[in-house]
Amino acid sequence: MDTRTKTGADGLRGVKTKSQHQKMGPKQQQKFRNTLERWLVKPSKNLNTTEMCQTQEDVEMAEEDCVQSTSAPIMDCKHSEKTSLSDSDEETQPLTPQDLDENNPVSPVSKKCVGSELMQSLPNNDGGLDKTEKETCSASSEDKHNAKITDFFSGSSSSSGLPVRRGRPDKPVESQNADKEAASANVEPDVKWLGTPINELKRMPECGAPLPPLRDVPGQHTVMIRTDLLESGKVPAPYPARFMDTWDGVHVKMPCSSRSLFPVVDEETQELQNKSRWELIKETLNKKFTSPHELKDAILKYSASNAKKWDFTALSLYCTKVLEPDEAEHLFDSLLPDMAQLALRASELCTKPIPLLKVGMSHSITMSQEQVACLLTNAFFCTFPRRNSRRSEYYNYPDINFVRLFEGSSSRKIEKLKTLMCYFQSFTEQKPPGLVTFTRKSLEKPLNWKSSQTQLTKLHITCEGTIEDDGHGMLQVDFANQFVGGGVTSSGLVQEEIRFLINPELIVSRLFTEALDHNECLIITGTQQYSKYKGYAQSYKWNGCHQDTTPRDGWQRRCTEIVAIDALQFKNFLEQFHPQRINRELNKAYCGFARPEDQSQNLAAVATGNWGCGVFGGDTRLKALLQMLAAAEAGRDVAYFTFGDSKLMTDVHNMHSFLTRRKMSVGKVYDLLGQYYSSVCKSCLSRRPDVSLYSFIYQQVGPSSAPDESGGRSARQHVPSDSS
């Protein structure tokens, strides 16, 4: 995630790992240990409050984990009831707790992102984790602090702890031989990738076609800047020049609207009168804050109805226990005033009404990075009206105000605050001059997958690296919640939330994007990465500021394209093989990958991984195959990241090689999936089928091994039958 430079004949950028960080000197280490000891052994007088709030957050996270589901009844996939967002996500493989003796980067509120050491040992809240995750985390507590995300996944992500079923005794001889061959296959430890070399896959901007002139198209594309003044390196000017005050059901209700009113007791009559909420916000935010308590009181002044419900413990801990005195001074003297002034420029910067991207719409919104920052500072100060209750007209939208980020005493909230404050600090120091486009897209007509004659495209699969680093310039998949961003503004901290934290401009999509339907996706182009990180879930740590050098396209957007696609959640393992479920996932992935308006040669590869797996119950091998089919139909190659699972890497590569050598079309593979359900899953009485998916495909297509490009390995290597 470090700055990349052009290397090699193909002009692609090299990638550095995230594990590089500076070492403390002996004095710094001793000071850190002393500070840590004081915090652990001699807790402050506020510890009782912290413990109480931690218990509160345990309940909050448990409730969130209980309500999340994007699965739908088999007979009514289209109109399933939407559920509220959760902090859970697909990639919730538990991580090793951090080693407290290792150093961490200082808070971003210091002027140059450097400074004295921070206390890292706030009470660690594991609320929201299931029993297995907690036990795994505890058992792995001795692992290294500076490990990468790929280090936190075991050799086989499909391991479930269930008894392995090797099949019935009366299996055909061919089936028994295939299982024996698979069981005897070993993965060479030095093999880190298989398939097509990654530098042979297409990336933006090298493969992209020239963009048409940027223009506002009513009903299709809302552009919030002066396109005639768009110039490289220059901050775009808002359009129109004056604020258009709109207060209706199809646009964002802005805090600066004259129709945003607040009940105030008249001093003379003692009666409630509706006054302008924006005037109260301006009066409040123009005052200087000197403590987190004053900041809390300021926010509650224009959110009085929530005074007894909102909790600011995490924000208080960040300001008083994490920051050194000079850093806290800079926060209150410089950064927060700058953020407040940026928020108060909403009527000056966001002059055009922002459309709500509702279910069924295909529409784009393009705004400047400055406009995005203005909206995000308003989210920080919790100014957006009608967005603090699920009972409002925004019940089917994600949270946008940051109030839930300020709650509780979880260490993950502290790390989130560090990451987001890094963004605000970076922006206020140097305004980026680019644009960001948000596109909601619907697949109007499902594909006839069975009739497809399309051949599989190239595959690069690796057990190392990350989507955001090694997949630069590719279409990068966000393993999304149907409420985009998932639990980023609360307690969630897995694949989607981490991406939204290190690229915070993604968060503004939550302001206007209604929950995704089964045939929809959200595409975000142009966001910038501001932070580095290490770890995952409960072990996530902010790891310093990041300088993003990704080139910009003709619309002055960073060539970073992220697609949010939400997978179904399965409580029953066999359920995912039902043809209707297969169709839903294929159409969802295809919706995200396809660009019918573009030529195939201009499409970058898809950078993806174990979408919809982990706590969502998806089978890794099925999901890999489905994404390969969808990418092929969309005309894209695939770069697949298994997050440390070398066995999965080998199995998926061998299946791809097997199908490619035998010239199996997308339609033929789809037909095999249907056969697998009808002949194996439909009549299965156990939790898992006796014959795995890949074993079934090998048996049906032919008993002989496919030619292999990687050292003569058998193409029949596949997962044991308990994990498909």
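Residues numbered from 1 in each chain as written. Predicted model: local features only at pLDDT ≥ 70, side-chain atom pairs only at ≥ 80, totals over all residues. Heavy atoms only, no water.

### Observations concerning the nonpolar core
Part 1 of the reasoning: Phe380, Phe381, Phe406 and Phe512 are the most contacted members of the largest nonpolar core, which has 91 residues in total.
Part 2 of the reasoning: Per-element accounting of this core gives the leading share, nine residues, to helix H8 (residues 325-343).
Part 3 of the reasoning: Discounting chain neighbours no more than four positions away, the residues touching phenylalanine 512 are Val252, Ile354, Pro355, Leu356, Leu357, Ile365, Met367, Tyr397 and Phe438.
Part 4 of the reasoning: Grouped together as the second largest cluster of nonpolar side chains are 72 residues, Leu459, Ile461, Ala607 and Leu648 included. (Core = buried A, V, L, I, M, F, W, Y, C linked by side-chain atoms within 4.5 Å. Buried < 20%, exposed > 50% of the residue type's maximum accessible area, 1.4 Å probe, protein only. Helix = DSSP H or I, 4+ residues; strand = E, 2+ residues; numbered from the N terminus. Contact = heavy atoms within 4.5 Å.)

### Notes on the sheet that holds strand E6 (residues 435-442)
The pairing of strands in a sheet happens through backbone hydrogen bonds and is either parallel or antiparallel.
Part 1 of the reasoning: The sheet built from ten strands is open, its strands ordered E1-E7-E14-E13-E8-E12-E9-E6-E5-E2 with mixed pairing. Each edge of the open sheet is held by one strand with a lone partner, namely strand E1 (193-195) and strand E2 (221-223). Going across the sheet, the axis of each strand differs from the next one's by a mean of 20°, ignoring polarity.
Part 2 of the reasoning: Here E6 pairs with strand E9 (residues 520-525) via six bridges, running antiparallel. Bridge pairing links lysine 441 to cysteine 521 in E9. (Pairing = 2+ DSSP bridges. Axes fitted to C-alpha atoms, helices over the stretch in contact; angles between N-to-C directions.)

### What about the packing of helix H17 (residues 646-661) against helix H19 (residues 693-701)?
Part 1 of the reasoning: Close contact between H17 and H19 brings their axes to 11 Å; oriented N to C, the two are set at 20°. With respect to each other, H17 and H19 are oriented roughly parallel. Considering how the two elements wind past one another, H17 and H19 form a crossing that is left-handed. For the pair H17 and H19, contact is made by Asp651, Val652, Asn654, Met655, Phe658 and Leu659 and by Tyr694, Ile697, Tyr698 and Val701, respectively.
Part 2 of the reasoning: Grouping the constituent residues of the contact of H17 with H19 by class yields eight nonpolar, one polar and one charged. (Parallel < 35°, antiparallel > 145°, perpendicular 65-115°, else oblique. Left-handed = near helix turned anticlockwise from the far one by under 90°. Nonpolar A, V, L, I, M, F, W, Y, C, P; charged D, E, K, R; others polar.)

### Focus on the pattern of salt bridges
Here the idea is simple: oppositely charged side chains can pair when their charged atoms come close.
Part 1 of the reasoning: Evaluated as defined, the whole model comprises 24 salt bridges.
Part 2 of the reasoning: Here arginine 584 ties to aspartate 566 by a salt bridge, and the two come within 3.2 Å at their closest N and O atoms. Of this pair, arginine 584 sits in helix H15 (residues 579-593) while aspartate 566 sits in strand E12 (residues 561-566), placing them 18 residues apart in sequence. Exposure class is identical for arginine 584 and aspartate 566. Each is buried.
Part 3 of the reasoning: Among the ionic contacts, a cluster of salt bridges with common partners joins Asp566, Arg584, Glu585, Lys588 and Lys623. (Salt bridge = Lys/Arg side-chain N within 4 Å of Asp/Glu carboxyl O.)

### Points about unusual backbone geometry
Part 1 of the reasoning: With an omega of 5°, the peptide bond between methionine 204 and proline 205 qualifies as cis.
Part 2 of the reasoning: Tracing the backbone through its elements, the reader meets proline 205 in the loop between E1 and E2.
Part 3 of the reasoning: A cis amide bond, omega 0°, links tyrosine 239 with the succeeding residue proline 240.
Part 4 of the reasoning: Assignment of secondary structure puts proline 240 in the loop between E2 and strand E3 (261-265).
Part 5 of the reasoning: Notably, arginine 386 is not glycine yet its phi reads approximately 65°, a positive angle.
Part 6 of the reasoning: Secondary-structure assignment places arginine 386 in the loop between helix H10 (369-380) and helix H11 (411-429).
Part 7 of the reasoning: With a phi close to 60°, phenylalanine 643 is a non-glycine residue in the positive phi region.
Part 8 of the reasoning: Mapping phenylalanine 643 onto the fold places it in the loop between strand E14 (638-641) and H17.

### A short note on the packing of aromatic side chains
Part 1 of the reasoning: In total, this model carries 16 aromatic pairs according to the counting rule given.
Part 2 of the reasoning: With 6.3 Å between their ring centres and 75° between their planes, phenylalanine 380 and phenylalanine 402 make a pair best called edge-to-face. With phenylalanine 380 in helix H10 and phenylalanine 402 in the loop between H10 and H11, the pair connects residues that are 22 residues apart, well separated along the chain.
Part 3 of the reasoning: For phenylalanine 380, a relative accessible area of 2% gives the class buried.
Part 4 of the reasoning: Given a relative accessible area of 1%, phenylalanine 402 falls into the buried group.
Part 5 of the reasoning: An aromatic cluster is defined as three or more aromatic residues linked by ring pairs; in this entry it consists of Phe312, Phe380, Phe381, Phe402, Phe406, Tyr423, Phe424, Phe427 and Tyr530.
Part 6 of the reasoning: The ring of phenylalanine 573 has arginine 688 lying over it, and the distance from NZ or CZ to the ring centre is 3.9 Å. (Phe/Tyr/Trp six-rings, centres within 6.5 Å; stacked < 30°, edge-to-face > 60°. Lys NZ or Arg CZ within 6 Å of the ring centre and 35° of its normal.)

### Focus: the environment of isoleucine 400
Part 1 of the reasoning: By the element assignment, isoleucine 400 lies in the loop between H10 and H11.
Part 2 of the reasoning: Residues isoleucine 400 and asparagine 378, spaced 22 residues apart in sequence, show a C-alpha to C-alpha distance of 9.3 Å.
Part 3 of the reasoning: Excluding anything up to four places from it in sequence, isoleucine 400 contacts Ala379, Phe384, Arg387, Ile507, Arg510 and Leu511.

### A closer look at H8
Part 1 of the reasoning: Relative to the 27 Å expected for 19 residues at 1.5 Å per residue, H8 spans 26 Å between its end C-alpha atoms, a close match to the ideal helical length.
Part 2 of the reasoning: Most pronounced at leucine 331, the bend in H8 amounts to some 40°.
Part 3 of the reasoning: Glu327, Ala328, His330, Leu331, Phe332, Ser334, Leu335, Leu336, Met339, Ala340, Leu342 and Ala343 are the residues of H8 that are buried.
Part 4 of the reasoning: Buried residues in H8 make contact with helix H5 (277-285), helix H6 (292-301), helix H7 (313-322), helix H9 (346-349), H10 and H11. (Expected span 1.5 Å × (residues − 1). Bend = angle between axes of the 7 residues up to and from the residue.)

### What about the state of the cysteines?
Part 1 of the reasoning: In this structure the tally under the stated criterion is zero disulfides.
Part 2 of the reasoning: Of all cysteine sulfurs, the one in cysteine 591 lies closest to cysteine 521, which takes part in no disulfide; the gap is 3.7 Å. (Disulfide = S-S within 2.5 Å.)

### Looking at the packing of helix H16 (residues 620-634) against helix H18 (residues 666-681)
Pairs of packed helices are described in terms of their axes, by the angle between the two and the distance that separates them.
Part 1 of the reasoning: Contact geometry of H16 with H18 gives a least axis separation of 10 Å together with a crossing angle of 150°. The angle between H16 and H18 places the two elements in the roughly antiparallel class. Between H16 and H18 lies a crossing whose hand is left-handed. For the pair H16 and H18, contact is made by Leu622, Leu625, Leu626, Leu629, Ala632 and Glu633 and by Val666, Val669 and Leu673, respectively.
Part 2 of the reasoning: Residue composition of the contact of H16 with H18, by class: eight nonpolar, no polar and one charged.

### Quick notes on the pairing of E6
Part 1 of the reasoning: Along E6, seven of the eight residues are buried, which leaves the element largely enclosed by surrounding structure.
Part 2 of the reasoning: Pairing of strand E5 (residues 363-368) with E6 involves six bridges; the strand directions are antiparallel. Counted as the bridge partner of threonine 366 is threonine 437 from E6.

### Considerations on the environment of glycine 617
Part 1 of the reasoning: Tracing the chain through its elements places glycine 617 in the loop between strand E13 (606-608) and H16.
Part 2 of the reasoning: For the pair formed by glycine 617 and asparagine 572, sequence separation is 45 residues and the distance between their alpha carbons is 7.8 Å.

### A short note on the pairing of E12
Part 1 of the reasoning: Most of E12 is tucked away: six of the six residues are buried.
Part 2 of the reasoning: The side-chain alternation of E12 yields two buried faces, one formed by Glu561, Val563 and Ile565 and the other by Ile562, Ala564 and Asp566.
Part 3 of the reasoning: Pairing between strand E8 (residues 475-480) and E12: six bridges, direction parallel. What sits directly across from valine 477, in E12, is valine 563.

### What to know about H5
Part 1 of the reasoning: Every buried residue of H5 is listed here: Arg277, Trp278, Leu280, Ile281, Thr284 and Leu285. Looking straight down H5, one finds its buried side chains confined to an arc of 160°; they lie on one side.
Part 2 of the reasoning: On its buried face, H5 is in contact with E3, strand E4 (272-276), H6, H8, H9 and H10.
Part 3 of the reasoning: You can read the cap of H5 off the contacts: a side-chain oxygen lies 3.4 Å from the backbone nitrogen of tryptophan 278, and it is on serine 276. (Arc of directions from axis to C-beta. Polar contact = N/O pair within 3.5 Å; in protein donor to acceptor, adjacent residues only side chain to side chain.)

### Observations concerning the side chain of threonine 513
Part 1 of the reasoning: Considering the arrangement of structural elements, one finds threonine 513 in the loop between helix H14 (509-512) and E9.
Part 2 of the reasoning: Assessed through its relative accessible area of 1%, threonine 513 is described here as buried.
Part 3 of the reasoning: At a separation of 2.8 Å, a polar atom in the side chain of threonine 513 contacts the main-chain carbonyl oxygen of serine 509.
Part 4 of the reasoning: Those residues in contact with threonine 513 that lie beyond four places of it in its chain are Leu357, Tyr397, Pro398, Arg440, Val484 and Leu522.

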